[in-house]
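Chain and residue survey
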Amino acid sequence: MDGLRTVRARHPWRWAAGAAALVVLVQFLHGLATNPAWDWATFRLYFTADTILQAIGRTLELTAYGTVLGFALGAVVAAMRLSRSAILRTLAWAYVWVFRSIPLIVQLVFWFNLSYLYKRFGFGIPFGPTFGDFETVGVLGALGAAVLGLGLHQAAFAAEIIRGGVIAVDAGQREAAAALGIPRGRQAWRIVLPQAMRSILPAAANEVISLLKGTSVVYVMAIGELFYQAQVIYGRTGRVVPLLMVATVWYVVLTTVLSIGQYYVERYFSRGARRTPPPTPLQRLRAFLRSLPARTSGGTP
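Figured I'd write up the structure that's included with this text. (Residues numbered from 1 in each chain as written. Predicted model: local features only at pLDDT ≥ 70, side-chain atom pairs only at ≥ 80, totals over all residues. Heavy atoms only, no water.)

Observations regarding the packing of helix α8 (residues 142-168) against helix α10 (residues 184-214)
This is how it is decided: Axis geometry follows a simple rule: fit a line to the C-alpha atoms, using only the stretch in contact for helices, then measure angles between N-to-C directions, giving values from 0 to 180 degrees. Put simply, DSSP H or I for four residues or longer makes a helix, DSSP E for two residues or longer makes a strand, and each gets a number counted from the N terminus. Throughout this description, any angle smaller than 35 degrees is read as roughly parallel, any larger than 145 degrees as roughly antiparallel, any in the 65 to 115 degree range as roughly perpendicular, and the remainder as oblique. Here a crossing is called left-handed whenever its near helix is offset anticlockwise from the far helix by less than a right angle, and right-handed whenever the offset is clockwise. Throughout, a contact is declared for two residues whenever any of their heavy atoms are within 4.5 Å. Amino acids outside the nonpolar list (Ala, Val, Leu, Ile, Met, Phe, Trp, Tyr, Cys, Pro) and the charged list (Asp, Glu, Lys, Arg) are all regarded as polar, and Gly is one of them.
Contact geometry for α8 and α10: axes closest at 8 Å, N-to-C directions at 155 degrees. Taken together, the axes of α8 and α10 are roughly antiparallel relative to one another. Between α8 and α10 the crossing geometry is right-handed. Only Val-192, Ala-196, Ser-199, Ile-200, Ala-203, Ala-204, Glu-207, Val-208, Leu-211 and Gly-214 of α10 make contact with α8, whose side of the interface consists of Leu-150, Gln-154, Phe-157, Ile-161, Ile-162, Gly-165, Val-166 and Ala-168. Looking at the contact of α8 with α10, its residues break down into 13 nonpolar, four polar and one charged.

Here is the structure:
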């Protein structure tokens with residue numbers, strides 16, 4: 001056995017596929033750098049323009065409002081779907097079914113034109129006299145309709161994400177807590193929710209990122225978010241491609257920031273499942289930099 005030589009397995013097709021992918025990538029990057037149609041001068045001119053930065057602020061505003069409203073209402077709908085009441089379960093199921101079935105752009109246009117259907121809203125006894133009313137136009141403007149549409153649409157998906165996370169927790173956890181006499185509210189808050197969050201967070205983060213990009217749909221309501229403002233500028237200047245690249249790069253930047261936040265939040269909630277969470281990319285970089293002197297000197301790190 002001492003005379004046998006170890007030969008590593010060769011994977012020629014794997015190397016060929018990797019080389020072909022690199023060639024395609026290099027060609028694409030070369031086209032980005034040399035093709036004058038991309039018009040990078042115009043891209044640089046508008047990338048940090050005041051109108052674009054203000055539009056980014058409006059995009060983040062819509063994302064924040066839609067996320068808070070969507071997940072707050074989604075938690076209520078999820079609780080209704082998990083309820084023992086057949087009426088509440090049916091109503092929650094119908095809500096999820098309706099709002100998942102209708103495209104977001106249709107919902108936004110509907111809420112934007114709500115004042116056409118209902119001129120005034122009142123409050124009072126159901127099917128009886130009203131004690132006061134107000135005009136719909138004065139309360140639900142373009143921004144309010146956009147937030148309402150985004151929030152209600154998001155709530156349907158958030159409800160299923162939250163319900164799935166709660167169902168994923170072993171029923172024995174609740175049974176053990178009930179046997180110990182722990183109140184139901186404390187069971188949900190201290191036992192079920194921390195474990196459910198491990199299942200909820202990845203899908204919830206995807207929904208928030210999807211909502212960030214979905215705010216571009218409100219251009220139909222002439223709200224000055226990022227995509228709408230890019231349209232306005234290239235409609236005035238005729239520089240379509242560079243303005244679309246401005247919007248694209250900013251969406252990538254914002255999505256990257258949200259993804260980093262998702263990583264650290266997931267790491268926080270993984271503490272109960274792992275005694276020692278894996279090191280973060282920054283911690284790995286610091287460890288690598290500390291090991292460089294030993295590597296360069298020929299020693300073992």
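Some remarks on the pattern of salt bridges
Here is the rule we go by: Between Lys or Arg on one side and Asp or Glu on the other, a salt bridge is scored when a side-chain nitrogen of the former is within 4 Å of a carboxyl oxygen of the latter. Buried residues are those whose accessible area, probed at 1.4 Å on protein chains only, stays under 20% of the maximum for their type, while exposed residues exceed 50% and partly exposed ones sit between those limits.
Taken as a whole, this structure holds four salt bridges when the rule is applied. The partner of Arg-239 in a salt bridge is Asp-39, and the shortest N-O contact between them spans 3.4 Å. One end of the pair, Arg-239, is in the loop between α11 (226-237) and α12 (240-269); the other, Asp-39, is in the loop between α1 (12-34) and α2 (40-47), with 200 residues separating them in the sequence. The exposure class of Arg-239 is partly exposed, given its relative accessible area of 44%. A salt bridge links Glu-61 to Arg-58; the nearest nitrogen and oxygen atoms lie 2.9 Å apart. Here the residue Glu-61 and the residue Arg-58 both occupy positions in helix α3 (residues 50-81), the gap between them amounting to three residues, near one helical turn. Put simply, Arg-81, Glu-160 and Arg-163 are held in one network by salt bridges that share partners.

Describing the nonpolar core
The nonpolar side chains of a soluble globular protein tend to be buried with one another. Which entries qualify depends on this criterion: To form a nonpolar core, buried Ala, Val, Leu, Ile, Met, Phe, Trp, Tyr and Cys residues must be joined to one another through side-chain atoms within 4.5 Å.
One finds Leu-62, Tyr-95, Leu-108, Leu-150, Ile-200, Val-218 and Met-221 to be the most contacted residues of the largest nonpolar core, which totals 36 residues. Counting residues per element, the ones that place at least two in this core are α3, α4 (86-101), α5 (104-112), α8 and α10. Not counting residues up to four positions away in its chain, the partners in contact with Val-218 are Leu-62, Leu-108, Ala-146, Leu-150, Ile-223 and Glu-225. Counting 17 residues, the second largest nonpolar core, distinct from the first, contains Ile-56, Met-245, Tyr-251 and Leu-254.

Side note on the packing of α3 against α8
Put simply, α3 and α8 touch, their axes get as near as 6 Å, and they point 45 degrees apart. Classified by the interaxial angle, the pair formed by α3 and α8 is oblique. Like other packed secondary-structure pairs, α3 and α8 cross with a definite hand, here right-handed. Across the contact of α3 with α8, the residue classes break down as 18 nonpolar, five polar and five charged.

Some details on α12
Inclusion rule: A helix is expected to reach a length of 1.5 Å times the quantity of its residues less one.
Between its first and last C-alpha atoms α12 spans 43 Å; for 30 residues at 1.5 Å apiece the expected length is 44 Å, and the two agree. Among the residues of α12, Pro-242, Leu-243, Met-245, Val-246, Ala-247, Trp-250, Tyr-251, Leu-254 and Thr-255 are the ones counted as buried. In this structure, the buried side of α12 is in contact with α2, α3, α10 and α11.

Notes on unusual backbone geometry
Although it is not a glycine, Asp-39 adopts a positive phi angle of roughly 55 degrees. According to the relative accessible area criterion, Asp-39 is buried, its value standing at 16%. The residue Ala-222 is not glycine, and still its phi comes out positive at about 60 degrees. Positionally, Ala-222 belongs in the loop between α10 and α11.

Considerations on the side chain of Thr-63
Tracing the backbone shows Thr-63 in helix α3. When its relative accessible area of 7% is taken as the criterion, Thr-63 is described as buried. With sequence-adjacent residues up to four places away left out, Thr-63 is seen in contact with Val-208, Leu-211, Leu-212 and Thr-215.

Concerning the packing of aromatic side chains
Operational definition: Stacked, tilted and edge-to-face pairs are distinguished by plane angle, under 30 degrees for stacked and over 60 for edge-to-face with tilted covering the rest, among Phe, Tyr and Trp rings (Trp via its six-membered ring) whose centres lie within 6.5 Å.
Enumeration over the complete set of coordinates arrives at nine aromatic pairs. Seen from their ring centres, Trp-93 and Trp-97 are 5.8 Å apart, and the 5 degrees between their planes marks the pair as stacked. In this pair, Trp-93 and Trp-97 are both assigned in helix α4, four residues apart and thus about one turn of the helix distant. The exposure class assigned to Trp-93 is partly exposed, which follows from its relative accessible area of 46%. Among the aromatic residues, those joined into a ring-pair cluster are Trp-38, Trp-40, Phe-43, Phe-47 and Trp-250.

A short note on a nonpolar patch on the surface
Put simply, the rule reads: Note on patches: the residues involved have over 30% relative accessible area and no salt bridge, like charges join within 9 Å, and the nonpolar side chains Val, Leu, Ile, Met, Phe, Trp and Tyr join within 5 Å. Areas reported as accessible are Shrake-Rupley estimates using a 1.4 Å probe. Residue values count occlusion only from the protein chains shown.
Side chains of Trp-93, Trp-97, Val-98, Ile-102, Ile-105, Val-106, Val-109, Tyr-219 and Val-220 sit close together on the surface and give an oily, nonpolar patch of about 760 Å² of accessible area. When you line up the elements, Val-220 lands in the loop between α10 and α11. Owing to a relative accessible area of 34%, Val-220 belongs among the partly exposed residues under this scheme.

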